[in-house]
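# Observations on the model geometry
Read off the chains here:
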Amino acid sequence: MKKILSVVLSLVMLIAVGAIAMTAFGETVVSPTTKEPNVITEVNGKPSKAVTYTKDSDSPRVYTFTYTGTGKLIGWEFPGMVEGKDYKITSQKGNSITIEVSDDYEGDIIANAIVEEAVEPSPSPVSPKTGASLAGVAAMGAGAAILAISKKRKND
């Protein structure tokens, strides 16, 4: 009985040592993790919600940007990115542009809509009132007169 027990224990120990050795020499596979880029939308270089974007569900590196503001869209720029290297334009129609970001680009995506702002005309052709500025000039004149009178009294 002792012989059978010693053989069984020897087999268990052999299997345990073999299992440890197998995992020690196993290949470690690291799955590539791509950092999700930070998307910033701007109009004329200032952060704005007048530019919206969607990400293509089939191609995670494809973005469509749309200008929804009231000004006239002149064009698009992507500061910090080089066209042809970091991204390529896949379509541009109306107020929208679709770009595909290259796999090796890891920076922020800044979509800047270049817009010609609409200038609103003034509500009335009447010039602004200048009463406040005249009151200031009058107060300065009165102060100068009081100062002159007080100096004259000191001299007398």
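All of the points below concern the structure found in this document.

Reading the values: the criteria
Residues numbered from 1 in each chain as written. Predicted model: local features only at pLDDT ≥ 70, side-chain atom pairs only at ≥ 80, totals over all residues. Heavy atoms only, no water. Pairing = 2+ DSSP bridges. Helix = DSSP H or I, 4+ residues; strand = E, 2+ residues; numbered from the N terminus. Axes fitted to C-alpha atoms, helices over the stretch in contact; angles between N-to-C directions. Contact = heavy atoms within 4.5 Å.

## Description of the sheet that holds strand S5 (residues 72–77)
- Strand order in the open sheet formed by four strands is S2-S1-S8-S5, with mixed pairing between adjacent strands. For this open sheet the edge positions go to strand S2 (46–47) and S5, each flanked by a neighbour on one side alone.
- Alignment of S5 against strand S8 (residues 109–116), held across five bridges, turns out to be antiparallel. By the bridge assignment for S8, Lys-72 is matched with Glu-116.

## Describing the sheet that holds strand S6 (residues 87–93)
- Judged by pairing direction, the sheet is antiparallel, and its four strands sit side by side in the order S3-S4-S7-S6 without closing on themselves. Each edge of the sheet is formed by a strand with only one pairing partner; in this case those strands are strand S3 (51–55) and S6. Going across the sheet, the axis of each strand differs from the next one's by a mean of 20°, ignoring polarity.
- As judged from the five bridges shared by S3 and strand S4 (residues 62–67), these two strands associate in the antiparallel manner. The partner of Tyr-53 across the bridge, within S4, is Phe-65.

## What about the environment of Met-81?
- Relative to the helices and strands, Met-81 is located in the loop between S5 and S6.
- Here the alpha-carbon distance between Met-81 and Gly-107, two residues 26 residues apart in the chain, equals 8.4 Å.
- Not counting residues within four places of it along the chain, the set of residues in contact with Met-81 comprises Asp-86, Tyr-87, Val-101, Tyr-105, Asp-108 and Ile-109.

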